[in-house]
Amino acid sequence: QVQLVESGGGLVQPGRSLRLSCEASGSIFRINAMGWYRQAPGKQRELVARIINGGNTNYADSVKGRFTISRDNAKKTAYLQMNSLKPEDTAVYYCNADLTRFDGSRFDDYWGQGTQVTVSS
């Protein structure tokens, strides 16, 4: 009943930029928080950036100053602007959402299908 759909991944050269989008749809009363995680081959999934109601954000140290997370509440969409990309940013990027549904239930374990980001010359 709730879906998260990511888009915007691809292959880019080091130093270039990409913007990821994550659109939430379905039986959603309120989006409490949205975040981006990534998982590189052989590594654990890690938090990249997160934004909560009110606009507060937090970032992994490795992306601070280069990545920016934002939200468009009307579109139920979160964005991740990634600048000055590095080869070590290569990973599958997953969108996560903490949502309250119309029946009052709240879940923080909604995930998108993932989008591949490859940074290589």
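(A) Main features of the state of the cysteines. Enumeration according to the criterion identifies one disulfide in this entry. Paired through a disulfide, Cys-22 and Cys-95 show a sulfur-sulfur distance of 2.0 Å. When the S-S torsion is -80 degrees, as for the bridge of Cys-22 with Cys-95, the disulfide is left-handed. One end of the pair, Cys-22, is in strand S3 (residues 18–26); the other, Cys-95, is in strand S9 (residues 91–100), with 73 residues separating them in the sequence. The exposure classification of Cys-22 matches that of Cys-95, with both residues buried.

(B) Focus on the side chain of Ser-21. Here Ser-21 lies in strand S3. Apart from the residues lying within four places of it in its own chain, the contact partners of Ser-21 are Val-5, Glu-6, Ser-7, Trp-36, Thr-77, Ala-78 and Tyr-79.

(C) Summary view of the nonpolar core. Counting 31 residues, the largest nonpolar core has Trp-36, Val-48, Phe-67, Leu-80, Met-82 and Tyr-93 as its most contacted members. If you list the elements that add at least two residues to this core, you get strand S1 (2–7), S3, strand S4 (30–39), strand S5 (46–52), strand S7 (67–72), strand S8 (77–82), S9 and strand S11 (115–119). Element by element, the count of residues in this core is highest for S9, at five residues. Residues in contact with Leu-80, not counting those within four places in the same chain, are Leu-18, Arg-19, Leu-20, Trp-36, Val-48, Ala-49, Phe-67, Thr-68, Ile-69 and Tyr-93.

(D) A look at the packing of aromatic side chains. Applying the stated criterion across every chain, the model contains three aromatic pairs. A ring pair is formed by Tyr-37 and Trp-111, whose centres lie 5.0 Å apart and whose planes are at 65 degrees; its orientation type is edge-to-face. Pair noted here: Tyr-37 is in strand S4 and Trp-111 is in strand S10 (residues 106–111), with a separation of 74 residues, a long-range link. Of the residues examined, Tyr-37 reaches a relative accessible area of 19% and is grouped as buried. Judged by relative accessible area, Trp-111 falls into the partly exposed class, the value being 31%. With a centroid separation of 6.1 Å and 85 degrees between ring planes, the pair formed by Phe-107 and Tyr-110 is classed as edge-to-face. Judged by relative accessible area, which is 14%, Tyr-110 ranks as buried.

(E) Looking closely at the pattern of salt bridges. On inspection of all chains with the given rule, the structure shows five salt bridges. Where Arg-38 meets Glu-46, a salt bridge forms, and the shortest distance between an N and an O atom there is 2.7 Å. With relative accessibility at 6%, the residue Arg-38 sits in the buried group. Here Glu-46 falls in the partly exposed class, since its relative accessible area comes to 35%. A cluster of three or more residues bridged by salt bridges with shared partners is formed by Arg-38, Glu-46, Arg-66 and Asp-89.

Cut-offs and rules
- Residues numbered from 1 in each chain as written.
- Predicted model: local features only at pLDDT ≥ 70, side-chain atom pairs only at ≥ 80, totals over all residues.
- Heavy atoms only, no water.
- Disulfide = S-S within 2.5 Å.
- Helix = DSSP H or I, 4+ residues; strand = E, 2+ residues; numbered from the N terminus.
- Buried < 20%, exposed > 50% of the residue type's maximum accessible area, 1.4 Å probe, protein only.
- Contact = heavy atoms within 4.5 Å.
- Core = buried A, V, L, I, M, F, W, Y, C linked by side-chain atoms within 4.5 Å.
- Phe/Tyr/Trp six-rings, centres within 6.5 Å; stacked < 30°, edge-to-face > 60°.
- Salt bridge = Lys/Arg side-chain N within 4 Å of Asp/Glu carboxyl O.

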